[in-house]
Amino acid sequence: MAEEPSQLSDFDGRYEDPADDPLFDFDEDDPDRANIFARKELLKVGHVPESGRIVGRDGEIKAVAAELRPIVRGDPPNNVIIYGKTGTGKSLVARHVTERARRAAESNGVSVGTVYVDCAQHNTQTRVARTVTRSLNETDVTDFDIPRAGIGSGEYYDYLWEILDTAYESVIIILDEVDRLDDDDILMQLSRARESGKADCHLGVIAVSNKIEYRDQLNERVKSSLREEEFVFQPYDANQLREIMKHRRDAFHDGVLSDDVIPLTAALAAQEHGDARKAIEILRHAGELAERENVQTVVEEHVRDAQEWAEIDRFEELLRGSTTQVKFILYSLALLTEENPNEDGFSTNRIYERYQATTEKADAKTLSEHRVYELLKEQAFLGVVESTRTGGGRGEGSYLEHRLVQDTGIVLKSVLRDSRLEDLA
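What this report covers is the structure whose coordinates are included nearby. Per-chain numbering applies: the sequence of each chain, read as written, is numbered from 1 onward. With the structure being a predicted model, the display of local features is reserved for residues of pLDDT at least 70 and the display and counting of side-chain atom pairs for 80 or more, all residues being used for whole-chain, interface and lining totals. Values shown for side chains rest on all heavy atoms present in the structure; no hydrogens or waters enter the calculation.

## Side note on the sheet that holds strand β2 (residues 112-118)
Here is step 1: Pairing is parallel in the open sheet, where 5 strands are placed in the order β2-β3-β4-β1-β5. Unpaired on one side and paired on the other, β2 and β5 (229-233) mark the two borders of the sheet. Ignoring which end each strand starts from, the neighbouring axes of this sheet average 15° apart.
Here is step 2: Bridge count between strand β3 (residues 170-176) and strand β4 (residues 202-209): 7 bridges; the pairing is parallel. Strands are treated as partners if at least two bridges between them are detected by DSSP. Here a strand is any run of E in DSSP of at least two residues, a helix any run of H or I of at least four, and the numbering for each starts at the N terminus. Fitted lines through C-alpha atoms serve as axes, helices being fitted only where they are in contact, and the angles separating the N-to-C directions of these axes extend from 0 to 180 degrees.

Here's what the structure looks like:
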């Protein structure tokens, strides 16, 4: 007798109405179905809430607004650099103030364009120029059909200058995670567009960076061209995080969150340098865990499970774009740390020995020790590894010792998600 096909795995198009497909069955009236979220978009990273939901950043909002205020009357805005750790509201404030400035300017008859660029994804001059140009292009005004590929940054800039003159009086460009750019000439091109006669439009740049030392790494010509105002956003404290969570409570249906969920989420995020983004991610994922378990209440256990998920996810974000070789190195350093809990750091040589064993086990190419040293320094710049120079003992020279910034277990779970490393487990 033939086996009855599974309704969930052997879909063959026999459901005339796609709503009947049991794989995606979603019965709003099912009394046994967990109904957790009311407005889940409030918990999405990148969501820019209304001003009443932005907590603890009134001073920063006013300060950034003061630099953009001139565009409301058709004058040039000032350039701005905003520094601060991840989750301190930098991007949120930049996008919120920019949008309010755009609306205020347009109410005065001033045409303003705004662009947000994630430089972690668009990290080359061509990618930034393409994103800015295509975002600002108003086809019905410019009659331009700008290609997604096949031309270089110079051609995109040529389009951009014409677009600025044709469609706008002022434009504000937010470059988020600007320290990820591989060429700071982008800042020169944008900040000097009007001065060099390329465009008659007023153009302001808001550069957002997690690294307080970012400006020091710019060449002097770029610094001179930017002439920017700088702001540093401090981490949120536990009370502010608790208020932020309360302002997102209506993302859930009434009665879904147990009383300890928001205080615990805020406390966990406060331990991690006041990261509001992380707090919101933990809260969202805790709700998703409850939903998957088909329970009606989000409790402390969901929050603690969600925290570990958020740690791994955040670490993977740091590693986004990293090569397999970098993951081999971090895996090796994590194993050394796990095996030697009383040691605070490890020399490049010791890490390299463990790395050689790792690549041999994975049947992968082994880099030179010097190249591993350079990659460790890159990870220190990204905040994944901390490297300090030792004084060296008698008869010894000084050398770098490296340690993981993140918890060892999180690093191991994160890198082992990569299918190319899973056989190492």
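## Here we look at the pattern of salt bridges
Here is step 1: What counts as a salt bridge is simple: a side-chain nitrogen of Lys or Arg found within 4 Å of a carboxyl oxygen of Asp or Glu. For the structure shown, the criterion picks out 25 salt bridges.
Here is step 2: We note a salt bridge from glutamate 60 to arginine 57, for which the minimum N-O separation is 3.8 Å. As far as burial versus exposure is concerned, glutamate 60 and arginine 57 are alike and both buried.
Here is step 3: Arginine 180 is the partner of glutamate 177 in a salt bridge, and the nearest nitrogen-oxygen pair spans 3.4 Å. Residue exposure (1.4 Å probe, protein chains only): buried if accessible area is under 20% of the type maximum, exposed if over 50%, otherwise partly exposed.

## As for the side chain of glutamine 125
Here is step 1: Note on placement: glutamine 125 falls in helix α3 (residues 125-136).
Here is step 2: Assessed through its relative accessible area of 13%, glutamine 125 is described here as buried.
Here is step 3: If we ignore the near neighbours within four places in the chain, the residues touching glutamine 125 are Ser153, Tyr157, Asp182, Asp183, Asp185, Ile186 and Gln189. Whether two residues are in contact is decided by their heavy atoms, any of which lying within 4.5 Å being enough.

## Some words on the packing of helix α13 (residues 348-361) against helix α14 (residues 369-381)
Here is step 1: At a minimum axis separation of 10 Å, α13 and α14 run at an interaxial angle of 110°. By the angle between their axes, α13 is roughly perpendicular relative to α14. Seen along the crossing, α13 lies across α14 with a hand that is right-handed. Here α13 contributes Thr348, Asn349, Ile351, Tyr352 and Tyr355 to the contact with α14, which in turn contributes Glu369, Val372, Tyr373 and Leu376.
Here is step 2: When residues are sorted by character, Ala, Val, Leu, Ile, Met, Phe, Trp, Tyr, Cys and Pro go into the nonpolar class, Asp, Glu, Lys and Arg into the charged class, and all the rest, Gly among them, into the polar class. A per-class count over the contact of α13 with α14 returns 6 nonpolar, 2 polar and 1 charged. Geometric relationships in this document are graded by angle, where less than 35 degrees denotes roughly parallel, more than 145 denotes roughly antiparallel, 65 to 115 denotes roughly perpendicular, and other angles denote oblique. Here is the rule for handedness: rotate from the far helix to the near one, and if that takes an anticlockwise turn smaller than a right angle the crossing is left-handed, while a clockwise turn gives right-handed.

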